[in-house]
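Here is how the chains run, residue by residue.
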Amino acid sequence: MDGNGRWARERGLPRTEGHREGALAVQRICAACGEQGVDFLTLFAFSSENWSRPQTEVKALMALLEEFLVGQREELMQRNIRLRAIGRIADLPASCQEQLAQSIELTRHNSGLTLVLALSYGGREEIVDATRRLMQKAASGQCSPAELNNALFAQHLDTADLPDPDLLIRSSGELRLSNFLLWQLSYTEFYISPVLWPDFEESHLREAIAAYSQRQRRFGAVPEG
Ligand code: FPP
């Protein structure tokens, strides 16, 4: 969800105002995904690297997250949205963890859009954590190195029960992966939008989905026909 900082700078506002506006875009796009029949939406809300931002910005982001979790509970229920989270959740402030756990529990039986928040998330960190779990299992004799394959490895990632993304939308024209879902994006289609995240509207989402629907996905195989 890039571009919050630039959106604020363009208006002579503090970066945190860009994040506040970005949180409104989150609400808009969640609602639009639900209405358009998207099954899963994963938002990169806070990366492992974001902890190195100024403390005031980190605090503001955590406060916005908590505000979202409490303030949007009713909306999530009304829209039949199931909330999930990936990342090193134990790194978050205790109050955020509590609100997150409550929202996840409350919405767990919802059957519409699954909204996955990536929080204190890094793709490399996730791969390291999965490897650690597997090494622990191997050390205690629960599995052997010979058994390891893509499927077994994927079962130890935070996304074990989630499908790989079909489409990655990157806002604000950035052309980097920035440590996002490194394993899971192997065959994902990319869509780069020049729009800054706070300006991202349902129409931009529709454009991205329309572009995706024109792509021919081959997963490394030869095209049919
Ligand atoms: C990147 O833009 C954005 C973030 C690091 C934070 C994203 C957070 C939100 C949109 C709001 C809180 C989240 C939820 C789920 C309510 P940037 O700050 O790097 O912007 P820049 O690239 O223009 O500097």
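Going by the structure above, here's the rest.
Cut-offs used in this document
- Residues numbered from 1 in each chain as written.
- Predicted model: local features only at pLDDT ≥ 70, side-chain atom pairs only at ≥ 80, totals over all residues.
- Heavy atoms only, no water.
- Near = heavy atom within 4 Å.
- Polar contact = N/O pair within 3.5 Å; in protein donor to acceptor, adjacent residues only side chain to side chain.
- Areas by Shrake-Rupley, 256 points an atom, 1.4 Å probe, with all protein chains shown as cover.
- Helix = DSSP H or I, 4+ residues; strand = E, 2+ residues; numbered from the N terminus.
- Phe/Tyr/Trp six-rings, centres within 6.5 Å; stacked < 30°, edge-to-face > 60°.
- Buried < 20%, exposed > 50% of the residue type's maximum accessible area, 1.4 Å probe, protein only.
- Pairing = 2+ DSSP bridges.
- Axes fitted to C-alpha atoms, helices over the stretch in contact; angles between N-to-C directions.
- Contact = heavy atoms within 4.5 Å.
- Expected span 1.5 Å × (residues − 1).
- Arc of directions from axis to C-beta.
- Salt bridge = Lys/Arg side-chain N within 4 Å of Asp/Glu carboxyl O.
- Core = buried A, V, L, I, M, F, W, Y, C linked by side-chain atoms within 4.5 Å.

Novice: Just give me the short version of the site of the ligand, but keep the residues and values in it.
Specialist: Around the ligand, a shell composed of 17 residues is seen, among which G5, R6, R15, H19 and R53 lie nearest. Contact between the ligand and R53: an oxygen atom at 2.8 Å from a side-chain N or O atom of the residue. Relative to its free-state accessible area of 630 Å², the ligand is covered by the protein chains to the extent of 92%. Elements represented by at least two residues in the shell around the ligand include exactly α1 (4–10), α2 (15–35) and α3 (55–71).

Novice: If you had to explain the packing of aromatic side chains to someone new, which residues and values would you point to?
Specialist: Throughout the structure, instances matching the rule amount to seven aromatic pairs. Each ring, one from F44 and one from F180, has its centre 4.5 Å from the other, and the planes form 20°; the classification is stacked. Taken together, the residues span a long stretch of sequence, with F44 in strand β1 (residues 40–47) and F180 in the loop between β4 (167–170) and β5 (189–192) at a distance of 136 residues. On the accessibility criterion, F44 (18% relative accessible area) is buried. The class for F180 is buried, based on a relative accessible area of 7%. One aromatic cluster is present, formed by F44, Y121 and F180 through successive ring pairs.

Novice: How would you summarise unusual backbone geometry if you had to cite specific residues and measurements?
Specialist: The backbone phi angle of S172 is positive, close to 65°, even though this residue is not glycine. As for its placement among the helices and strands, S172 is situated in the loop between β4 and β5. Even without glycine at this site, N179 takes up a positive phi of about 65°. Note on N179: relative accessible area 12%, which makes it buried.

Novice: So what's going on with the environment of S111? Residues and values would help.
Specialist: Here S111 lies in the loop between α5 (94–107) and β3 (114–121). Residues S111 and Q214 lie 103 residues apart in sequence; the distance between their C-alpha atoms is 28 Å.

Novice: Outline the sheet that holds β3, supporting the account with residue identities and numerical values.
Specialist: The strand order across the open sheet built from three strands is β1-β3-β2, with neighbouring strands paired in parallel fashion. The open sheet has two edge strands with one neighbour each: β1 and β2 (82–86). Taking each pair of neighbouring strands and ignoring which way they run, the sheet shows an average axis angle of 20°. Packed on one face of the sheet, α5 meets β2 and β3 and runs near 135° to β2.

Novice: An account of helix α8 (residues 202–213) is requested, with residue identities and associated values reported.
Specialist: The terminal C-alpha atoms of α8 lie 16 Å apart, and with twelve residues this matches the ideal 16 Å at 1.5 Å per residue to within 8%. Taken residue by residue, α8 has H204, L205 and A208 as its buried positions. One side of α8 holds all its buried residues, which, seen down the axis, span an arc of 105°. Looking at the buried positions of α8, the neighbouring elements they touch are α2, β4 and β5.

Novice: Please provide a residue-by-residue account of the pattern of salt bridges, values included.
Specialist: Considering all chains together, one arrives at 19 salt bridges under this definition. Between R217 and D166 there is a salt bridge; the shortest N-O distance is 2.8 Å. Residue R217 is located in the segment after α8, and its partner D166 is located in the loop between α7 (150–154) and β4; the two are separated by 51 residues in the primary sequence. The class for D166 is partly exposed, based on a relative accessible area of 43%. Taken together, the shared-partner salt bridges connect D166, E189, R215 and R217 into one network.

Novice: Before we move on, could you go through the nonpolar core and cite the residues and values that matter?
Specialist: Formed by 30 residues in total, the largest nonpolar core has its most connected members in L41, L115 and L117. For this core, the secondary structure elements donating two or more residues are α2, β1, α3, β2, α5 and β3. Excluding residues that lie within four positions of it along the chain, L115 makes contacts with C30, L41, L43, F68, L76, I81, R82, L83 and R84.

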